[in-house]
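Next come the chains, spelled out residue by residue.
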Amino acid sequence: MAGMRSLPEVDLSCPICCDIFREPVVLKCSHSFCSPCLQQYWTRGRSRDCPLCRNQSVDDPVPSLTLKNLCEAYVQESEGTEETGGELYCEPGEMCILHGERLKLFCLTDKEPICVVCHTSRRHKQHDCCPVSEAVVDVKEKIKSALSSLQEKKDAFDKMKKNYEDTVAYIQVQAQFVQRLTHEEFEKLHMFLRAEEDARMEALRGEEEQKSRVMMQKIQEITGQITSVTESIRLLEEDLALEGISVLQVRETTISSSAFIFFEDPVNAPESLIDVAKYLGSLGFHVWEKMQTIVKYSPVTLDPNTAAPWLVLSDDLTSVCDSEERQKLPDNPERFHPDTAVLGREGFTSGKHAWDVSVGDNTAWVVGVAKESVVRKEKVSSVLKNGYLCVYYYHKMHFAGTSPLTRLALKKNPQKIRVLLDCDKGRVSFYDPQDNTHIYTFKNGLSEKVFPYFWVGCQQCPLRVEPLEVSVKAVGYC
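Residues numbered from 1 in each chain as written. Predicted model: local features only at pLDDT ≥ 70, side-chain atom pairs only at ≥ 80, totals over all residues. Heavy atoms only, no water.

As recorded in an unreviewed UniProt entry, the protein goes by the name Tripartite motif-containing protein 35-like, listed as coming from Labrus bergylta. The UniProt entry for the protein carries the following text under Sequence similarities (unreviewed entry): "Belongs to the TRIM/RBCC family." Comment text from UniProt for the protein, heading Subcellular location (unreviewed entry), reads "Cytoplasm". (UniProt positions renumbered as here; feature names shortened; annotations may be inferred.)

Below, the structure is given as structure tokens:
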């Protein structure tokens, strides 16, 4: 019961006597007191000031009938409850340990609750004070403000945690994608190498069979010749075995035919062996040479980590087009959003570089280079002052990205745009590679790293980086 009455006690108690108001009066400063307590306070030789706020009270106190009725109703409701010895119950922490009075005031200077007696003491006499209820409200407001800030911080942390979790999931997707494409690309190389190996083994087997067959024919021929010579030897040896006059009876024709039979000396035919050097000489190099038919090289590889969520990149990262569906991608710092743009993976700070971009019938595109410092999380005009050195095609018109834009009067719509970047001279030039027509050149210096830049606003026709012809050759000494 005491706990339930503790809240109204604070509002219905006189700050001077800490008891329920008796004949309550209110001063001009809005503070209320028992009329006898206030008069006794003023008769102690003090000026007519408010015991709480010290404001001078020129006018007489005004009786507060509403407060009086509330106090009487409270006293009636309290009848029959436990005896309190004339004092309302309060928690021990609400009493002043020095004076045994209720802590009604809050010292703004010392930042601590005090009683009315403390307020008149030397320690707090000149300090600004306010009712505890007002201080509680102020503290609660500060707590609410701190709580709101912490909640905002927690929400930010929760959002970032979710972003980290999404990033982990996307990293796994990226790894699986790279694994699949890498496996497919190496499988193509493996198929080529296996086919090349099979072809070389087949050629080797063919040459082995052909040259072995020739040798077998040679063996048959020389075997016949050996048989003939052996027979002639046998006949002559029989004649040689005769004695006396019988030797003279040997027919001259037999000797002549045996002595002058013509046998060619047995020699190996030229090029009878397998041409080992043909098969093994610079084997890897010659296979590498033939691989040019299946290997492609792109001077620019698009960086999917910079691509806006609405863009669709080809698996080989050489073409990009717009789409209506936004992909669920991590909002990493490198990614463009909301601009539908993507950068090349490799940036340049020195040297000369060139690449051709097929624009075809694309109805909205921007091609060129972007400085590393460009803003990627805001939709900005791609003009020179924002770090872009590009040519545009929009609303069937061509522009150079100067500030303001420069309208380009081209005789025809190029199907391809050649970008020539000379970092050392700080120039970016654009040409139509079909007839080498010059389109525009930015001549201002490049103070930082730049990346190939592509912006696309067409879903039907992608922008595609054209591959370069590749060649494998040995470097000679002269």
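So, on to the sheet that holds strand β4 (residues 105-107). Two pairing modes exist for strands in a sheet, parallel and antiparallel, and in both the strands are linked by backbone hydrogen bonds. Spatially, β5-β4-β6 is the arrangement adopted by the 3 strands of the open sheet, whose pairing is antiparallel. Of all the strands in the sheet, the pair left with one neighbour each is β5 (112-114) and β6 (129-131). Taken over all neighbouring pairs, the strand axes of this sheet differ in orientation by 35° on average, direction set aside. Direction of pairing for β4 relative to β5: antiparallel, over a ladder of 3 bridges. From the neighbouring strand, L105 faces β5, where its bridge partner is I114. (Pairing = 2+ DSSP bridges. Helix = DSSP H or I, 4+ residues; strand = E, 2+ residues; numbered from the N terminus. Axes fitted to C-alpha atoms, helices over the stretch in contact; angles between N-to-C directions.)

The subject of this paragraph is the pairing of strand β18 (residues 450-456). Burial analysis of β18 places 7 of its 7 residues in the buried class, which makes it a mostly covered element. Here strand β9 (residues 341-343) pairs with β18 via 3 bridges, running antiparallel. By the bridge assignment, V342 is partnered in β18 with F454. Bridge count between strand β11 (residues 365-371) and β18: 7 bridges; the pairing is antiparallel. Following the sheet pairing, G368 is matched in β18 by Y453. (Buried < 20%, exposed > 50% of the residue type's maximum accessible area, 1.4 Å probe, protein only.)

So, on to the nonpolar core. Counting residues in hydrophobic clusters, the biggest one holds 48 residues, and the most contacted among them are W355, I417, Y453, F454 and L463. Those residues within four positions of W355 in sequence are excluded, and the remaining contacts are P299, V300, F348, G368, V369, I417, R418, V419, L421, P452 and F454. Of all hydrophobic cores here, the second largest spans 25 residues; its members include L38, C50, L67 and I114. (Core = buried A, V, L, I, M, F, W, Y, C linked by side-chain atoms within 4.5 Å. Contact = heavy atoms within 4.5 Å.)

Two side chains of opposite charge can pair, provided their charged atoms sit close to one another. Here the structure, examined in full by the defined rule, presents 17 salt bridges. With a shortest N-O distance of 2.9 Å, D158 and K154 are connected by a salt bridge. Note that D158 and K154 are positioned in helix α5 (residues 132-240) at a spacing of 4 residues, about one turn of the helix. Exposure remark for K154: the relative accessible area of 44% places this residue in the partly exposed category. The residue R418 makes a salt bridge to D356 at a minimum N-O spacing of 2.7 Å. (Salt bridge = Lys/Arg side-chain N within 4 Å of Asp/Glu carboxyl O.)

To continue, consider the packing of α5 against helix α8 (residues 283-290). Each pair of packed helices can be described by the angle between their axes along with the distance between the axes. Where α5 contacts α8, the two axes come as close as 11 Å, and the packing angle between them is 120°. Between α5 and α8, the angle is such that the two are oblique. The handedness of the crossing between α5 and α8 comes out as right-handed. Between α5 and α8, the contacting residues are F192, L193, E196 and R200 on the first element and L283, H286, V287 and K290 on the second. Broken down by class, the residue content of the contact of α5 with α8 amounts to 4 nonpolar, 1 polar and 3 charged. (Parallel < 35°, antiparallel > 145°, perpendicular 65-115°, else oblique. Left-handed = near helix turned anticlockwise from the far one by under 90°. Nonpolar A, V, L, I, M, F, W, Y, C, P; charged D, E, K, R; others polar.)

Sheet architecture is open: 7 strands sit in the order β7-β8-β19-β10-β15-β16-β17, paired in antiparallel fashion. Strands at the two margins of the open sheet, each flanked by one partner only, are β7 (311-313) and β17 (437-442). Across the sheet, the axes of successive neighbouring strands diverge by a mean angle of 20°, strand direction being ignored. Pairing between β7 and strand β8 (residues 319-322): 3 bridges, direction antiparallel. In the strand pairing of β8, L313 is matched with V320.

Our focus in this paragraph is α5. For α5, built from 109 residues, the straight-helix expectation of 162 Å at 1.5 Å per residue is met to within 8% by its first-to-last C-alpha distance of 154 Å. Buried residues of α5: A135, L181, L189, F192, E196, R200, E207, K211 and S232, and no others. Buried residues in α5 make contact with β4, β6, α7 (276-280) and α8. (Expected span 1.5 Å × (residues − 1).)

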